[in-house]
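# Coordinate analysis (summary)
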Amino acid sequence: MANIKFEQENQEIIAADGANLRIKALENRIDLYTFTGKMMNCGGYGQCGTCVVEVVEGLENLSPRTPVEEKKLKKKPPSYRLACQTMVNGPVTIKTKPKRK
């Protein structure tokens, strides 16, 4: 089982290993999107890049970055991930809507 802690929301959820981070967040009413992202997100296909999160702890417990993430996040630090492309396999701490770096 994977514990996913959402730092800013002060909420922790439990998910099965291999669970999709975006789906688990939305199921638990965690808001991943900024104003524009709410209106223009691609629905979890990795095309828009609006579900960016920062991994505060537990990066090693996530699936590797996908080719889509490598393209969309090439100027971001390795701790930045697209929630829709990320599978959780252990405990992690996530920061939603990180500041642009």
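For the structure itself, consult the block above.
None of the values given here were measured: they were computed from a predicted structure.

The next point concerns the sheet that holds strand β5 (residues 80-82). Strand order in the open sheet formed by 5 strands is β2-β1-β7-β4-β5, and the pairing between neighbours is mixed. The open sheet has two free edges, formed respectively by β2 (11-15) and β5, since each of these has just one partner strand. Between one strand axis and the next, the sheet turns by 35 degrees as a mean value, whatever way the strands run.

Another aspect to go through is a positive patch on the surface. A surface patch of like charges, here positive, comprises K71, K72, K74 and K75. Following the sequence through the fold, K71 ends up in helix α3 (residues 67-72). Residue classification places K71 among the exposed positions, given a relative accessible area of 64%.

Reading the values: the criteria
Residues numbered from 1 in each chain as written. Predicted model: local features only at pLDDT ≥ 70, side-chain atom pairs only at ≥ 80, totals over all residues. Heavy atoms only, no water. Pairing = 2+ DSSP bridges. Helix = DSSP H or I, 4+ residues; strand = E, 2+ residues; numbered from the N terminus. Axes fitted to C-alpha atoms, helices over the stretch in contact; angles between N-to-C directions. Patch = residues over 30% accessible without salt bridge, like charges linked within 9 Å, V, L, I, M, F, W, Y side chains within 5 Å. Areas by Shrake-Rupley, 256 points an atom, 1.4 Å probe, with all protein chains shown as cover. Salt bridge = Lys/Arg side-chain N within 4 Å of Asp/Glu carboxyl O. Lys, Arg positive; Asp, Glu negative; His and termini not counted. Charge placed at Lys NZ, Arg CZ, Asp CG, Glu CD. Buried < 20%, exposed > 50% of the residue type's maximum accessible area, 1.4 Å probe, protein only.

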